[in-house]
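Fold and contact review
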Amino acid sequence: MALTSRAPQVPADRLVAELVPPPRFDSVRFDTYLPDPNQPSQTEAVRVLDAFAAGLGGGAAADGAGRRRWFRREPKAAAAAGPRGVYLDGGYGVGKTHLLASLWHATQAPPERKAFGTFVELTNLVGALGFQQTVQTLSGHRLLCIDEFELDDPGDTVLVSSLLARLVEAGVALAATSNTLPGKLGEGRFAAADFLREIQGLSAHFRPLRIDGEDYRHRGLPQAPDPYEDETVKRVAHSVAGASLDDFPGLLGHLSKVHPSRYGAMCDGVRAVCLTGVEPVPDQSTALRLVVLADRLYDREVPVVASGRPFDALFSEEMLRGGYRKKYFRAISRLTALARDSRRLVEG
């Protein structure tokens, strides 16, 4: 198969139903998180989040009374008690998504009353349902987890600020991850001063929780394998059931024709992605679309076998110094991990 032959249509109800932790994080829990002993902030993060879950009716500290309190909605009192959310800030690969998904699992509520999605998926949901319908749909939730919280343009700033304010008023608890503290969102991307009020409003909803450490994906592990020859990539594509095979420039062009909200559906049933002719992306719009695809592949643990240039050469030095640099570094880290995962397919 080829990803370039896929342009799925995704109904809005599927977007809502899929607001759960991705397959990679199905089985993660607080007790499966392995804090770096040299980074006490990681151990502290587990403690704080477990207590947060207990306050919502989950976590190790929850007892029978706490679970009974879960069914009594007191949004006004909860909102008045201070920040209604927790914000995990840290570098790449320190386990923020692991912890966020663990919080989702620990919160004692039916899956339909707690939501987990990336920032992009949340804005896509608003685009599919409309603002008022999104507020109505999510207001009945106990918890909203937002992974990779990024503000890429002024419109998203106002949109998300307004959405979260309405949800907090309805008693929804918030949790988010990012590489940028909530008071610093938007820096380097647009005239943040023009939207300072909205950004500060977002920050007021969260208690920041810093998580220090190095990228676990490279902690004590070998570097990602060098790119393979085209013949090797094609051999894997034809020998692995469910593998896709695409020319990298052609795939980049196809991504411009498919809305990013549908990249996940585009990967349905794909067991490995094989790419020939990997080369640096030509422009920022293309690069940002590739970031979303990398996230969806990483969520689904889809190994990537590639020829051409190594993944750390995808983005120009100018891009890696610009306002979206954190997204690009995340994509490099995740694609490198998926390239390492593909070694078993090549050698097997």
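Every value quoted in this text rests on a predicted model; they were computed, and no experiment measured them. (Residues numbered from 1 in each chain as written. Predicted model: local features only at pLDDT ≥ 70, side-chain atom pairs only at ≥ 80, totals over all residues. Heavy atoms only, no water.)

Quick notes on a negative patch on the surface
A cluster of like negative charges, contributed by E229, D230, E231, D247 and E279, occupies part of the molecular surface. Looking at the element boundaries, D230 is found in helix α10 (residues 230–239). (Patch = residues over 30% accessible without salt bridge, like charges linked within 9 Å, V, L, I, M, F, W, Y side chains within 5 Å. Areas by Shrake-Rupley, 256 points an atom, 1.4 Å probe, with all protein chains shown as cover. Salt bridge = Lys/Arg side-chain N within 4 Å of Asp/Glu carboxyl O. Lys, Arg positive; Asp, Glu negative; His and termini not counted. Charge placed at Lys NZ, Arg CZ, Asp CG, Glu CD. Helix = DSSP H or I, 4+ residues; strand = E, 2+ residues; numbered from the N terminus.)

Thoughts on the packing of aromatic side chains
As enumerated under the stated definition, the model contains 5 aromatic pairs in all. The interplanar angle of 80 degrees and the centroid separation of 6.2 Å between the aromatic rings of F149 and F206 together place this pair among those described as edge-to-face. Taken as a pair, F149 in the loop between β3 (143–147) and α8 (154–169) and F206 in strand β5 (residues 206–211) lie far apart in primary sequence, 57 residues in all. Of the two residues, F149 and F206, both sit in the buried class. (Phe/Tyr/Trp six-rings, centres within 6.5 Å; stacked < 30°, edge-to-face > 60°. Buried < 20%, exposed > 50% of the residue type's maximum accessible area, 1.4 Å probe, protein only.)

Observations concerning helix α15 (residues 325–341)
An α-helical turn contains 3.6 residues, so a residue and the one three or four places further along point in the same direction. In this model, α15 (17 residues) spans 24 Å end to end at C-alpha, consistent with the 24 Å of a helix rising 1.5 Å per residue. Within α15, 13 of the 17 residues are buried, which leaves the element mostly enclosed by the surrounding structure. (Expected span 1.5 Å × (residues − 1).)

Quick notes on the nonpolar core
Judged by nonpolar contacts, the single largest core of 65 residues is most densely connected at L99 and F315. Looking at this core element by element, the count peaks at 8 residues for helix α13 (residues 284–299). Counting residues in hydrophobic clusters, the runner-up holds 25 residues, among them V10, L122, L125 and F206. (Core = buried A, V, L, I, M, F, W, Y, C linked by side-chain atoms within 4.5 Å.)

Considerations on the packing of helix α2 (residues 40–56) against helix α5 (residues 96–106)
Two elements in contact, α2 and α5, have axes separated by 9 Å at closest approach and are oriented at 25 degrees. Between α2 and α5, the angle is such that the two are roughly parallel. Remark: the crossing between α2 and α5 carries right-handed chirality. In this structure, α2 contributes A45, V46, L49, F52 and A53 to the contact, and α5 contributes L99, L103 and A106. Among the residues forming the contact of α2 with α5, the class breakdown is 8 nonpolar, no polar and no charged. (Axes fitted to C-alpha atoms, helices over the stretch in contact; angles between N-to-C directions. Parallel < 35°, antiparallel > 145°, perpendicular 65-115°, else oblique. Left-handed = near helix turned anticlockwise from the far one by under 90°. Contact = heavy atoms within 4.5 Å. Nonpolar A, V, L, I, M, F, W, Y, C, P; charged D, E, K, R; others polar.)

Examining the pattern of salt bridges
Overall, the coordinates contain 11 salt bridges when judged by the stated rule. Between R14 and D268 there is a salt bridge whose closest N-O contact spans 2.9 Å. Separated by 254 residues along the polypeptide, R14 in helix α1 (residues 12–17) and D268 in the loop between α12 (263–266) and β7 (272–278) bring together distant segments of the chain. Through salt bridges with shared partners, a single network forms among E148, D295, R330 and R334.

Some points on unusual backbone geometry
One non-glycine residue, E148, adopts positive backbone phi at about 55 degrees. Its place among the elements puts E148 in the loop between β3 and α8.

Focus: the environment of G85
Along the chain, the position of G85 falls in strand β1 (residues 85–90). Discounting chain neighbours no more than four positions away, the residues touching G85 are F52, L174, H205, F206 and R207.

What about the packing of helix α11 (residues 248–255) against α13?
Any two packed helices are characterised by how steeply their axes cross, that is the angle between the axes, and by the distance between the axes. Interaxial distance between α11 and α13 falls to 10 Å at its minimum, and their mutual angle equals 95 degrees. If you check the angle between α11 and α13, you find them roughly perpendicular. Taken together, the residues of α13 that come into contact with α11 (itself represented by F248, L251, L252 and L255) are T286, R289, L290 and L293. Tallied by class, residues from the contact of α11 with α13 come to 6 nonpolar, 1 polar and 1 charged.

Some words on the pairing of strand β8 (residues 304–308)
Burial within β8 is extensive, with 4 of its 5 residues counted as buried. In terms of strand pairing, β7 meets β8 through 4 bridges, oriented parallel. The residue bridging C274 from the neighbouring strand is V305, located in β8. (Pairing = 2+ DSSP bridges.)

What to know about the confidence of the model for the chain
Averaged over all residues, the pLDDT of the chain is 84; the fraction at 70 or higher stands at 82%. Low confidence marks residues 62–80, where pLDDT is under 50. Its contacts with residues over four positions away, or in another chain, come to 26 contacts. Confidence drops under a pLDDT of 50 for residues 188–196, and excluding neighbours within four residues, the segment shows 17 contacts in the predicted structure. (pLDDT = per-residue confidence, 0-100.)

Some points on the sheet that holds strand β2 (residues 114–118)
Taken in spatial order, the 5 strands of this open sheet run β2-β3-β4-β1-β5, and their pairing is parallel. Strands with a single pairing partner mark the edges of an open sheet, and in this sheet they are β2 and β5. Going across the sheet, the axis of each strand differs from the next one's by a mean of 15 degrees, ignoring polarity. Strand direction decides the pairing type here: β3 and strand β4 (residues 173–178), joined by 4 bridges, are parallel. Each residue of the ladder has a partner; that of I146, found in β4, is A176.

Some remarks on helix α7 (residues 131–139)
Taken together, the buried positions of α7 are T134, V135, L138 and S139. Looking straight down α7, one finds its buried side chains confined to an arc of 125 degrees; they lie on one side. Exposed residues on α7 whose side chains face more than 90 degrees from its buried face are Q132 and Q136. (Arc of directions from axis to C-beta.)

Side note on the side chain of K114
Of note, K114 is situated in strand β2. The buried charged residue K114 lacks any salt bridge, with E112 as its nearest oppositely charged partner at 9.1 Å. Separated by 2.7 Å, the side chain of K114 and the backbone oxygen of W104 make a polar contact. When near neighbours in sequence (up to four residues on either side) are disregarded, K114 contacts L19, W104, H105, T107, A109, H141 and L143. (Polar contact = N/O pair within 3.5 Å; in protein donor to acceptor, adjacent residues only side chain to side chain.)

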